[in-house]
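# Chains, contacts and geometry: an overview
Residues per chain are reported as follows:
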Amino acid sequence: MMINGAVEVITASIVAGLTQHAALHPLDTLKVRLQYSKGVPMSTSVRGALGDALRDLELPPGTTKAARPQPPKESRLWRAPLVVDLVGATRLLRRTPLKSLYAGLVPSLVAVVPTAVVYMPVYEAAAAVFGGVLPTPIVAPAAGVATGVACSLVRVPLSVAKSRVQLGLAP
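Residues numbered from 1 in each chain as written. Predicted model: local features only at pLDDT ≥ 70, side-chain atom pairs only at ≥ 80, totals over all residues. Heavy atoms only, no water.

### What about the overall build of the chain?
The condition that has to hold: The numbering of helices and of strands both runs from the N terminus, where a helix is a DSSP run of H or I of at least 4 residues and a strand a run of E of at least 2. A simple rule labels every residue: compare its accessible area, found with a 1.4 Å probe on the protein chains alone, to the largest value its type can have, and call it buried under 20%, exposed over 50%, or partly exposed in between. By definition in these notes, contact holds between two residues if any of their heavy atoms fall within 4.5 Å. Under the convention used here, a 1.4 Å probe and the Shrake-Rupley method define accessible areas, while residue burial counts only the protein chains that appear.
Of the regular secondary structure elements, the chain holds five helices and zero strands. The N-to-C order of helical and strand elements in the chain reads α-α-α-α-α. Out of the 171 residues in the chain, the part that is buried amounts to 26%. For the chain, long-range pairs separated by at least 24 residues make up 74% of all intrachain contacts whose partners lie at least 6 apart in sequence. Of the roughly 11,200 Å² that the chain leaves accessible, carbon and sulfur atoms contribute 70%.

### A look at the pattern of salt bridges
For clarity, the threshold we go by: Just to be clear on terms, a salt bridge is a Lys or Arg side-chain nitrogen sitting within 4 Å of an Asp or Glu carboxyl oxygen.
Scanning the model with the defined rule gives two salt bridges in all. The residue Asp28 makes a salt bridge to Lys31 at a minimum N-O spacing of 3.5 Å. Residue Asp28 and its partner Lys31 are both found in helix 1 (residues 2-35); the two are separated by three residues, about one turn of the helix. Assessed through its relative accessible area of 40%, Lys31 is described here as partly exposed. A salt bridge links Asp28 to Lys162; its shortest N-O distance comes to 2.4 Å. Of this pair, Asp28 sits in helix 1 while Lys162 sits in helix 5 (residues 136-166), placing them 134 residues apart in sequence. Taken individually, Asp28 and Lys162 each receive the classification buried, so the pair is uniform in this respect. Through salt bridges with shared partners, one network takes in Asp28, Lys31 and Lys162.

### Quick word on helix 4 (residues 105-131)
Heads up, the rule is: Expected span of a helix: the number of residues minus one, times 1.5 Å.
Here helix 4 contains 27 residues, and its C-alpha end-to-end distance of 39 Å stays within 8% of the 39 Å for a straight helix at 1.5 Å per residue. Those residues of helix 4 that fall on the buried side of the exposure criterion are Leu105, Pro107, Ser108, Ala111, Val112, Thr115, Ala116, Ala126 and Ala127.

### Some details on the side chain of Thr29
Note the following rule: For the purposes of these results, a polar contact is taken to be a pair of N or O atoms within 3.5 Å, where, inside protein, one atom must be able to donate a hydrogen and its partner to accept one; residues adjacent in sequence count only when each atom of the pair is a side-chain atom.
In this fold, Thr29 is placed in helix 1. Within the structure, the side chain of Thr29 is placed 2.9 Å from the side chain of Gln166, a separation counted as a polar contact. For Thr29, the contacting residues outside a window of four places in its chain are Ser100, Leu101, Ala103 and Gln166.

As structure tokens, this is what we get:
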């Protein structure tokens, strides 16, 4: 009976992870491209779209620095980091082909299965080991840390592969 429950939990975790990664992958691609936009060589199409969007943020087309429209002095809205990020992401999104937003989806989806399979068994084993050694209030956080380390060993290499594909750096 316990095995069936574990299989159900792992299956639900895999389905949820696959759904989440597939739905949010375009946002992750935009985030990765904006984060790595400076100093990292990228493929021509990614570099072109990113460069165009960043230039748009710096200076609207057809204007000189002197003629650049300035927000009113009393308005701090246009300098707010969230607004600047939204404007940059919107401009990048307009210039990026939809298909390229899904670059790196396969490594992202591949990482879901091993992470889900590792998570629960490692947590249960760590909780059992720490339960006899540590005070009760510390057992769950310690087991969580051990689980995080184990899952990172699985997830990080695949995350690096995903980021390289998103940036056009994969062979």
